[in-house]
Amino acid sequence: MPYPLGATPDQDGTNFALFSDHAERVTLCLYDDRGIHEIERIDLEECTNGVWHAYVPDVYEGAVYGYRVDGPWAPEYGHRFNANKLLIDPYAKELVGELVWDDALYGYTIGAGPDADLVMDGRDSAAFIPKGRVVADHLARRNAPGISWPKSIIYEAHVRGLTMQHPGVPEKLRGTFAGLGTDPVIEHLKRIGVTVVELMPVHAFAQDRHLLERNLTNYWGYNTLSFFAPEARYLASGDRKEIRETVDRLHQSGLEVILDVVYNHTCEGNHLGPTLSWRGIDNMSYYRLLPDNKRYCDDLTGTGNALDTNHPRVLQMILDSLRHWVEVHHVDGFRFDLALTLGRRPDGFDSRHPFFQAILQDPVLGNQKLIAEPWDVGPGGYQLGNFPAGFSEWNGDYRDVVRDFWAGTSGMLGAFATRFAASQDLFGEGHRRPWSSVNFVTAHDGYTLHDLVTYQDKHNDANGEGNNDGHSDNRSWNCGVEGETDDPEINALRDRQKRNLLATLFLSQGVPMLLAGDEMGNSQGGNNNAYCQDNEIGWVDWSKSDEDLVAFIRTLADLRRRRSAVARAEFLTGDRGSRGVPDVTWFSSTGQRMTSDEWSQPHVKCLSVRLAPARPREPSLLVMLNGAPDGVEFVIPPSNQRWLCLVDTADTCHEDLKNAGESVVLAGRSLRIYEAEMAVADPLEPLRAAAAGAEAPEAVAETADGSDAMADADPEMSPDDLTPTPEKEPT
């Protein structure tokens, strides 16, 4: 049968199906259990719509196999068939053996001169290539938490790096899915209040030959070898069911799991790369080639090649892979690496590309969390805000603006307010929502939070590339000293800067993403490109956990969970809602509404923002931000309510209530969060509960007769609210 693709066993045998539109002969090669000795070769003699297939009786689950595909060797026309090379089935769901680098893995003869890739190599590669194993998918009921986007807090983590140094994880489970699913790890995730674990690539990937030659490894895994098989090193049991068991455990704890997936390119590199799978099966169908010279790949990704999602069979492969990870392993969504490449037509990016449309209309995939990385290295390679509704996006502009603001860069107020308010200028069209913006200040690619405030320059010497790799434009500030120091003032400032950045992240509209380890002050020693550091540099160091920072993040996450003012389902507008109160109002440090002139003052680095709740019977929040190096006097804006200080990143505020018109002094480079007083028995109880790490009670804002006090009294209305808001652009 031509469908389904891959190896599908039943009680009598296995159906094998492989797509290759330009092949002339496809041969199935069966191996022993360890994938070492070849047992039999079987030609797939039937070809239906480009799919070569055969039902082979008496070949059951557990069988090991690979393919040899013959056809024209004509690199100048895009064809690189070489039957001497054993190939991995793109649909293999489990791999046997490891990739062992040898010149025999290349379809051409290395060292044959400047046109070496035009000369076919005759050596057999079977001894050096992993094989596929026939496995059956056993589906089980999926019980996911179904957390809404507005209430989502993402935690970006590496399966291996998160647990390799965790003292509470049994040593034999460290670095695996089983380790991720242990009680100490889950308890930590629950403690800090995250809701979604985003795992860096877990598809089987290849170790780069050039890294192994330098005694390094590909740690991050953005080098896919199989889109269906998991990375074997991440399975403590060796059984792929470990993935589903871990995901189900996380689900039972109220946590979702999404995968960082790499469908934009493969590990086969450019025209000089190895022949491991897709290149030898049908190079011209699977890859984008230069239209005027099909000898070369169209490298839109910076990795040598790019998959051609304009080809229906390539698109089918990706969709089948995505459904496999949802239905078999129970994951809750995907972050698409270099998603711009996936939506490219020959003439450029298209937000209506079949790739996006197929996913959004798919009954399995359309309701999952979908996040696009909106850039690649090709022409027009930055499309932030241009993906279709249904996809959220990594907001790199948010990262840069927030870093600049807290580093003291001048002229940032307008841009900062816009990013703080979910970047409506980017995502406001096409029925998109605030959660289209995935906000972050750090991610796996770049500095950790600790290093962001500790290093001015990258320190990537351990990567062996002369410190030339990684970005040089980091928007970082070392607070006056490069690297670690014993100076208490510098360290206090760094700690405050971490809290400023984290508080901004959690208070911003949109979806916050936290890098694993940032909650503990994890450092990579200034390395901003730890892709090849599968060691203490790249792993999370649990021994140096900053408990104060952990508690601070818990407070922020709890505030975000309890208060709809910071996790709205609709964009802020500055207009009055049904309660007659503006959803957002911006003030200068004088307590007066920001004017157009103040927004444009390059040296003004202070502002306040009042956020009204989206739900009734909740208090408004007032956030004061001082990005200046020295203390600044702020005036509480007009209202008839009193305000309680919940958070002060400089730890200088007190629990006394403040009235409108009163002055408070914010320390240099600090942030405060105030909450409007509500009619509760003990107005300090929410703060005390949050500080103790307990489940804080919801504030009740009712009058004695049960009516909504805020709706009836409009306590935040003032004469200033009778004039139009001048700050439309920043919202």
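Just so it is clear, the model here is predicted, and its values are computed rather than measured.

A. Structural context of the nonpolar core. Within the largest apolar cluster, 164 residues are counted, with the highest numbers of intra-cluster contacts made by Phe16, Phe334 and Phe336. Setting aside anything within four residues of it in sequence, one finds phenylalanine 336 in contact with Val261, Tyr263, Leu322, Leu342, Phe355, Ile359, Leu370, Ile371, Ala372, Glu373 and Phe391. By size, the runner-up hydrophobic cluster in this structure holds 14 residues, among which are Ile258, Leu338, Ala443 and Met513.

B. Just the packing of aromatic side chains, in detail. In the structure shown here, the tally under the stated rule is 26 aromatic pairs. Centroid distance phenylalanine 19 to tyrosine 286: 6.1 Å. Interplanar angle 70°. Geometry classified as edge-to-face. One end of the pair, phenylalanine 19, is in strand β2 (residues 13-19); the other, tyrosine 286, is in helix α6 (residues 278-286), and 267 residues separate them in sequence. Take phenylalanine 19 and tyrosine 286: they sit in the same class, and that class is buried. On the numbers, 5.4 Å between centres and 80° between planes, the contact of phenylalanine 355 with phenylalanine 356 is edge-to-face. Judged on exposure class, the residue phenylalanine 355 and its partner phenylalanine 356 are both buried. Among the aromatic residues, those joined into a cluster by ring pairs are Phe334, Phe336, Phe349, Phe355, Phe356, Phe387 and Phe391. Of note, lysine 131 hangs over the ring of tyrosine 31, and the distance from its end group to the ring centre comes to 5.1 Å.

C. How the structure looks around the pattern of salt bridges. Scanning all chains against the criterion turns up 44 salt bridges. The residue aspartate 43 makes a salt bridge to arginine 25 at a minimum N-O spacing of 3.1 Å. One end of the pair, aspartate 43, is in strand β4 (residues 38-43); the other, arginine 25, is in strand β3 (residues 25-31), with 18 residues separating them in the sequence. Judged by its relative accessible area of 31%, aspartate 43 is partly exposed. For arginine 25, a relative accessible area of 46% gives the class partly exposed. Two residues, arginine 561 and aspartate 558, come together in a salt bridge whose shortest N-O distance is 3.0 Å. Note that arginine 561 and aspartate 558 are positioned in helix α15 (residues 547-562) at a spacing of three residues, about one turn of the helix. A residue is classified by how much of its surface remains accessible, and arginine 561, at 35% relative accessible area, is partly exposed.

D. Representation of empty space enclosed by the protein. Taken as a whole and judged by the stated rule, the model has seven cavities of 30 Å³ or more. Taken together, 18 residues line the largest cavity, and the ones lying closest to its centre are His158, Tyr219, Leu515, Gln524 and Gly538. Those elements that provide at least two residues to the lining of the largest cavity are β12 (154-157) and α1 (159-163). In terms of residue class, the lining of the largest cavity is built from 10 nonpolar, seven polar and one charged.

How each quantity is defined
- Residues numbered from 1 in each chain as written.
- Predicted model: local features only at pLDDT ≥ 70, side-chain atom pairs only at ≥ 80, totals over all residues.
- Heavy atoms only, no water.
- Core = buried A, V, L, I, M, F, W, Y, C linked by side-chain atoms within 4.5 Å.
- Buried < 20%, exposed > 50% of the residue type's maximum accessible area, 1.4 Å probe, protein only.
- Contact = heavy atoms within 4.5 Å.
- Phe/Tyr/Trp six-rings, centres within 6.5 Å; stacked < 30°, edge-to-face > 60°.
- Helix = DSSP H or I, 4+ residues; strand = E, 2+ residues; numbered from the N terminus.
- Lys NZ or Arg CZ within 6 Å of the ring centre and 35° of its normal.
- Salt bridge = Lys/Arg side-chain N within 4 Å of Asp/Glu carboxyl O.
- 1 Å grid on protein atoms, 1.4 Å probe; cavity = no way out; pocket = protein on both sides within 12 Å on 5 of 7 lines; lining within 4 Å.
- Points joined across faces, edges and corners; volume = space filled by probe spheres on them.
- Nonpolar A, V, L, I, M, F, W, Y, C, P; charged D, E, K, R; others polar.

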